[in-house]
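Results of the structural survey
The residues making up each chain are set out below.
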Amino acid sequence: MLANERRKGGKKSKHPVEDGSGEGKKKKGGEKRKGQGEGEKIRLDALSVGYFRRVGDRLNEGFQDNEEREMFVENVLSEVKGKASLVAMNQIGSITLQHLLPLASLEQVGEVLAELGGESGSGFKAVSCDRCGGHVVESALRQMSRWSEASQKDPSATTEEEEDDAGLLETQVLCLSQVVRDNNSEFIRHVHGSHVVRTLIHVLGGCLGPPRTEARPGGKERSVAPQLTDFEIPTSFWYELKSLTEALMENVQLSVRDAVASVVFQTVLTVCHRKRPKLCKQLLKRITEYLTGHSAAPGVSPLLVFLKDQASSHLIETIIQLSHKSLLRDLYKYHLKGHLVDLALHAIANFPIQRLTAASATHKHFLRLFDELVQGVEAILASGHMGVIIQLAESCAESGERQSEMMQCLLQAFHCAEPGSRHVSCLPLFMSLLTYEVYYQSEAAEGSTQKEVPLSSICYHGSRLVQALAKFKERSLLLSSLRTLSPADLVTLASDPAGSHVLQALITTSSDKGRGKILKRLEGQYVHMACSRLGSRVLEAVWNSCSVSQRQSIAQELAPRETQLRADQFARHVWAKFALSHFVHRRPHWQEIQTGESKKQKLFSDILE
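All of these numbers come straight from a predicted model, not from anything done at the bench.

Structural notes on empty space enclosed by the protein
Taken as a whole and assessed by the stated rule, the structure comprises 1 cavity of 30 Å³ or more. As a volume, the largest cavity reaches approximately 30 Å³. Lining the largest cavity are Thr288, Leu291, Leu303, Ile316, Ile319 and Leu331. Within the residue set of the lining of the largest cavity, elements represented by two or more residues are helix H16 (277–292) and helix H18 (310–322). The residue makeup of the lining of the largest cavity, split by class, is 5 nonpolar, 1 polar and no charged.

The following block contains the structure:
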């Protein structure tokens, strides 16, 4: 095993020290190195770094059985014992421990945490606020999700010893929480320590997202909310979460002053909203009272200032998303009314306005919010804050209100409301976010005739806007505009990354009669669509929404091109999914299958409606 290898052959390791430590005098388990104003700081020695590098390589290979894995974990943790902090705060050691702890028993994880914290937990702060050590503490905390599994393996055979195994980790988590409570101001402002606090909040609440990973240089982080998984927790965590939130609320001012601390408060609200709704409601009220309790200027709400701040605007977004009806109504009525357009034009404040529009869709005050925002649609479009416009359209679709007003406002904004002959041009204009004069390169004279312009300049936000409008009750303008596109334009639309979603949304939400008119325009283009990466996806979605007679028309056009379709990397999937071999050789059987599928889809759609 590697534990023996470490004792026998460790001196032959040629691996350099990963943390860049110098050529200081070697000590047992570590090296001394001069720190910056801290005297001498002990680092993990080069031999140990080489050992943990080999451990990491062995972990990546996997194990044949549980016995081998348990023996390996035990041997490695025996090497960690006595120098857990040094290992955790070393880059190689940290990565190795993060991979090792999920394989360890809860008792072993508790022992590692106990050593990192020391007798009174005084060591937790230094490790948690370390770039490498913080990851190890988070990994140890995340193992609490296995607590219920450990306690429910065999309820009838549960012994006091087994309870103590899980109890040790529970005790250490509570000890860490106590340290965080006593030093919460420093923890939540620290770039690394704040991550430990956020993981601690999730664990105390009984829900976890995917583990944190280091962002790659130059890589973009996706702003998608992580999926949380619930798990059972000890009763003590229920009370500890309440105590921790009370301690954090003593420094609520940091939620708007410090961007790092703000994220911690957002985590508290998100976890409590999911697991402790009553506590979340109390926290929302208290934080909102703090945000609105400062005096900015006579007659001006302080919330208007916080909305334009990078740190506090994110917190306000979370508050809006999690707020109940009365709080949303009060925020609008007493603080935001009359300022929505100005905020929508602001580079930062427009994002909370998007959240407010989304959260208000099912409430009565949405009508007042819409009437105010719609006055500035053209200015908002000019500012490039398309998220506000898209969300306004989506909220109209969700609420079923103000849909005709929204459509009329957009027609005016894109200069295709008057004369009425311009209405059929709305779809290309919406998708490209260009006004009539710019798109057709024509003067604004009313008598000017429309030139034939190939479909182009389809953009992401334009596609999102049309997809939202496609959910309106009245879609005749969009469908009329779609039917005026040439077959070549329809293929361009189907093969475009943004446009394909528009075509799919409009065809699949149409009635059988309306869908038939669009499919008539697509005749002769099905082979081109089937051989396109995006077009084939659209064709499959259209097929699923078609009647049997419409499917037969599509199949009749595709079947003669069997050789071409079977040879194409995208079209061969279309050939298989449409069962075109059956269509060619066993037509009655194919007809029977399609009729059965059509009835089944209609039954499910009726149930869903």
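Observations regarding a negative patch on the surface
Taken together, the side chains of Asp65, Glu67, Glu70 and Glu74 make up a negatively charged region of the molecular surface. Among the structural elements, Glu70 can be located in helix H3 (residues 66–80). Given the relative accessible area of 46%, Glu70 is considered partly exposed.

Here's the deal with the packing of aromatic side chains
Given two aromatic rings, one states the distance between the centres and the angle between the planes to describe the pair. Counted according to the given criterion, the structure contains 9 aromatic pairs. Ring geometry for Phe63 versus Phe72: centroids 5.2 Å apart, planes at 50°, classification tilted. Taken together through their ring pairs, the aromatic side chains of Trp543, Phe578, Phe583 and Trp590 make up a single cluster. Taking NZ or CZ as reference, Arg276 lies 3.8 Å from the ring centre of Trp238, over its face. Sitting over the ring of Phe583, Arg587 keeps its end group 3.8 Å from the ring centre.

Remarks on the UniProt feature "repeat: Pumilio" (unreviewed entry) in the protein chain
If you check UniProt for "repeat: Pumilio" (unreviewed entry), the listed places come out as residues 484–520 in our numbering. Helix makes up 73% of residues 484–520 and strand 0%, with an end-to-end C-alpha separation of 12 Å.

Some details on the packing of helix H13 (residues 235–249) against helix H15 (residues 259–275)
Each packed pair of helices is defined by two parameters, the angle between the axes and the distance between the axes. For the pair H13 and H15, the least separation of the axes is 12 Å and the interaxial angle reads 145°. Handedness of the H13/H15 crossing: left-handed. Every residue of H15 that contacts H13 at Trp238, Leu241, Thr245, Leu248 and Met249 is listed here: Val264, Phe265, Val268, Cys272 and Lys275. In the contact of H13 with H15, the residues fall into 8 nonpolar, 1 polar and 1 charged.

Quick notes on the state of the cysteines
Under the definition given, this model contains 0 disulfides. Cys272 provides the cysteine sulfur closest to Cys280, a residue in no disulfide bond, and the two sulfurs are 6.3 Å apart. Given the relative accessible area of 2%, Cys280 is considered buried.

Regarding the pattern of salt bridges
Throughout the structure, instances matching the rule amount to 16 salt bridges. Of the charged contacts in the structure, one is a salt bridge between Asp230 and Lys275, with a shortest N-O distance of 3.6 Å. Separated by 45 residues along the polypeptide, Asp230 in strand S5 (residues 229–230) and Lys275 in helix H15 bring together distant segments of the chain. Arg566 is the partner of Glu562 in a salt bridge, and the nearest nitrogen-oxygen pair spans 2.9 Å.

Focus: the nonpolar core
Counting residues in hydrophobic clusters, the biggest one holds 170 residues, and the most contacted among them are Leu116, Phe430 and Leu558. Per-element accounting of this core gives the leading share, 8 residues, to helix H24 (residues 386–399). Composition of this core by domain shows at least three residues from each of domain 1 (46–149 + 165–211 + 226–251) and domain 2 (513–608). Beyond its immediate chain neighbours, meaning those up to four positions away, Leu116 contacts Ala84, Ser85, Ala88, Gly123, Phe124, Val127, Val136 and Val137.

Definitions and cut-offs
- Residues numbered from 1 in each chain as written.
- Predicted model: local features only at pLDDT ≥ 70, side-chain atom pairs only at ≥ 80, totals over all residues.
- Heavy atoms only, no water.
- 1 Å grid on protein atoms, 1.4 Å probe; cavity = no way out; pocket = protein on both sides within 12 Å on 5 of 7 lines; lining within 4 Å.
- Points joined across faces, edges and corners; volume = space filled by probe spheres on them.
- Helix = DSSP H or I, 4+ residues; strand = E, 2+ residues; numbered from the N terminus.
- Nonpolar A, V, L, I, M, F, W, Y, C, P; charged D, E, K, R; others polar.
- Patch = residues over 30% accessible without salt bridge, like charges linked within 9 Å, V, L, I, M, F, W, Y side chains within 5 Å.
- Areas by Shrake-Rupley, 256 points an atom, 1.4 Å probe, with all protein chains shown as cover.
- Salt bridge = Lys/Arg side-chain N within 4 Å of Asp/Glu carboxyl O.
- Lys, Arg positive; Asp, Glu negative; His and termini not counted.
- Charge placed at Lys NZ, Arg CZ, Asp CG, Glu CD.
- Buried < 20%, exposed > 50% of the residue type's maximum accessible area, 1.4 Å probe, protein only.
- Phe/Tyr/Trp six-rings, centres within 6.5 Å; stacked < 30°, edge-to-face > 60°.
- Lys NZ or Arg CZ within 6 Å of the ring centre and 35° of its normal.
- UniProt positions renumbered as here; feature names shortened; annotations may be inferred.
- Axes fitted to C-alpha atoms, helices over the stretch in contact; angles between N-to-C directions.
- Left-handed = near helix turned anticlockwise from the far one by under 90°.
- Contact = heavy atoms within 4.5 Å.
- Disulfide = S-S within 2.5 Å.
- Core = buried A, V, L, I, M, F, W, Y, C linked by side-chain atoms within 4.5 Å.
- Domains from an automatic or database assignment.

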